[in-house]
Amino acid sequence: MEVVILSGADEIASLAADVFVALLSRKPDAVVGLATGSSPLGVYASLIERHSAGDVSFVGVKAFLLDEYVGLPAEHPQRYRSVIGEVIEQHVDFAPGAVRGPDGNAADLPAACARYEAAIAAAGGVDVQLLGIGTDGHVGFNEPGSSLSSRTRVKTLTSQTRADNARFFPAAADVPRHVLTQGLGTISDARHLLLVATGLGKAAAVRAMVEGPVSAFCPASVLQLHQHVTVLLDDDAASSLALGDYYRETYAHKPAWQGL
Ligand code: F6R
């Protein structure tokens, strides 16, 4: 796991966008994994700018969302499939149908989850998966207790996650309890995991993910088992790390040819 501590959200967004631009320049038909929530917004803004500048095209790219609320109507602004349209899809040149998410309105949710897994596999698997982390250590919506080898399925949100996400809804009670999420096994199949986190509110979860035991109690700790993980943090999110100075020193002296 490579931990990179940067000066702030802008630098994180720009470096994360570099990862996607580099991927799409060497593999224009790549498969990317997209996250929602606040953390990736700067990354998407940076990618939109790079697209406008002619540096990157998504025309041959397929994208898969990490997760979706169950039961939000198609026109609901917080449906993740709609959010991703607003924050990136409509501003770049994805082909129609290239961006997919799990169907939180399916009559048969387990069947929809199985179809989603099959679609990711049929696309050849995810090249770079963008991730945020929840204050309780979730990635995707894999809440504490999630099997480290889980696949896409229905999960129940913790009250902590529902409270964290209440800012997106008119009232806290409006946050759905149930979600569909790629499993930790599904996420771990991606070839490169790129996690971004900012702010003091994420510091404890980041410490547990990076330096704690690998445990279903902190689902993000499964990233310790993956061969290619990049964690981009600001000083606040990194503030509880025991080896923060070492991560800074390592990145400062990293040979440029290594890339991320
Ligand atoms: C969203 C997702 C979640 C968020 C996490 C952090 O698709 O998978 O794991 O990344 O809840 O959310 P923010 O970035 O809003 O703090």
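It should be emphasised that the depicted structure is a prediction, and the values quoted were computed from it without experimental measurement.

Participant: Can you walk me through the environment of C113 in this structure?
Facilitator: Of note, C113 is situated in helix α4 (residues 109-122). Sequence spacing of C113 and R153 is 40 residues, and the spatial spacing of their C-alpha atoms is 5.6 Å. Not counting chain neighbours up to four residues away, the residues in contact with C113 comprise T152, R153, V154 and L180.

Participant: What is the right way to read the pattern of salt bridges from this model?
Facilitator: Side chains that differ in charge, positive against negative, can pair when their charged atoms come close. Scanning the entire structure with this criterion turns up 11 salt bridges. Taking the shortest distance from any N to any O, the salt bridge between E211 and R207 comes out at 3.3 Å. Here E211 pairs with R207, and both are found in helix α7 (residues 203-211), just four residues apart, close to one helical turn. For R207, a relative accessible area of 38% translates into the label partly exposed. Between D235 and R248 there is a salt bridge, and its shortest N-O distance comes to 2.9 Å.

Participant: What is the right way to look at the side chain of Q182 in this model?
Facilitator: Within the fold, Q182 resides in the loop between β8 (178-181) and α6 (184-188). Since its relative accessible area comes to 1%, Q182 is described here as buried. Sequence-distant contacts of Q182, that is, excluding residues within four places in its chain, are made with F64, L65, L66, Y116, I120, Q129, N142, R151, T152, R153 and I187.

Participant: What is the right way to read the site of the ligand from this model?
Facilitator: By nearness alone, 15 residues border the ligand, and S39, D67, H138, G140 and K202 come closest of all. K202 is positioned with one of its side-chain polar atoms (N or O) 2.7 Å from an oxygen atom of the ligand. For the ligand, whose unbound accessible area comes to 410 Å², protein coverage reaches 94%. According to the grid-proximity analysis, the pocket containing the ligand is the largest pocket. Its residues assigned to classes, the shell around the ligand comprises four nonpolar, eight polar and three charged.

Participant: What am I meant to see in the packing of aromatic side chains here?
Facilitator: The geometry of an aromatic ring pair comes down to the distance between the two centres and the angle between the two planes. Here the structure, examined in full by the defined rule, presents seven aromatic pairs. Seen from their ring centres, F58 and F94 are 5.0 Å apart, and the 50° between their planes marks the pair as tilted. Highlighted residues: F58 in the loop between α2 (41-52) and β3 (62-65) and F94 in the loop between α3 (80-87) and β5 (99-100), separated in sequence by 36 residues. The same class applies to F58 and to F94, which are both buried. Here the aromatic rings of Y80 and F141 are separated by 5.9 Å at their centres, their planes lie at 20°, and the arrangement is stacked.

Participant: Teacher, can you tell me more about helix α1 (residues 9-26) here?
Facilitator: Residues spaced three or four apart along an α-helix face the same direction, because each turn holds 3.6 residues. Over its 18 residues, α1 extends 26 Å from the first C-alpha to the last, a length consistent with the 26 Å expected when each residue adds 1.5 Å. Buried residues of α1: I12, A13, L15, A16, A17, V19, F20, V21, L23 and L24, and no others.

Participant: Is there a simple way to explain the layout of surface pockets in this structure?
Facilitator: Over the atoms rolls a probe the size of a water molecule, and its path tells where empty space is left. There is about 410 Å³ of room inside the largest pocket. If you go around the largest pocket, you meet 24 residues; those closest to its centre are G37, S39, I133, H138 and K202. Counting residues per element, the lining of the largest pocket draws most heavily on helix α5 (residues 159-165), at three residues. A breakdown of the residues in the lining of the largest pocket according to their chemical character gives seven nonpolar, 13 polar and four charged. If you add up the space inside the second largest pocket, you get close to 230 Å³. If you tally residues by element for the lining of the second largest pocket, the top one is α1, at six residues. When its residues are assigned to classes, the lining of the second largest pocket shows six nonpolar, three polar and four charged.

Participant: Looking at this structure, how should I read the nonpolar core?
Facilitator: The nonpolar side chains of a soluble globular protein tend to be buried with one another. Ranked by size, the top nonpolar core spans 78 residues in total, and within it L47, Y69, L195, V206, M209, L232 and L233 carry the most contacts. The element contributing the most residues to this core is α1, with nine residues. Discounting residues that sit within four places of it in the chain, L232 has contacts with V4, L6, I12, L15, A16, L194, L195, V196 and A197. Formed by five residues, the second largest nonpolar core is a distinct cluster that contains L109, A112, C113 and L180.

Rules and cut-offs
Residues numbered from 1 in each chain as written. Predicted model: local features only at pLDDT ≥ 70, side-chain atom pairs only at ≥ 80, totals over all residues. Heavy atoms only, no water. Helix = DSSP H or I, 4+ residues; strand = E, 2+ residues; numbered from the N terminus. Contact = heavy atoms within 4.5 Å. Salt bridge = Lys/Arg side-chain N within 4 Å of Asp/Glu carboxyl O. Buried < 20%, exposed > 50% of the residue type's maximum accessible area, 1.4 Å probe, protein only. Near = heavy atom within 4 Å. Polar contact = N/O pair within 3.5 Å; in protein donor to acceptor, adjacent residues only side chain to side chain. Areas by Shrake-Rupley, 256 points an atom, 1.4 Å probe, with all protein chains shown as cover. 1 Å grid on protein atoms, 1.4 Å probe; cavity = no way out; pocket = protein on both sides within 12 Å on 5 of 7 lines; lining within 4 Å. Sits in = over half its atoms within 2 Å of the grid points. Nonpolar A, V, L, I, M, F, W, Y, C, P; charged D, E, K, R; others polar. Phe/Tyr/Trp six-rings, centres within 6.5 Å; stacked < 30°, edge-to-face > 60°. Expected span 1.5 Å × (residues − 1). Points joined across faces, edges and corners; volume = space filled by probe spheres on them. Core = buried A, V, L, I, M, F, W, Y, C linked by side-chain atoms within 4.5 Å.

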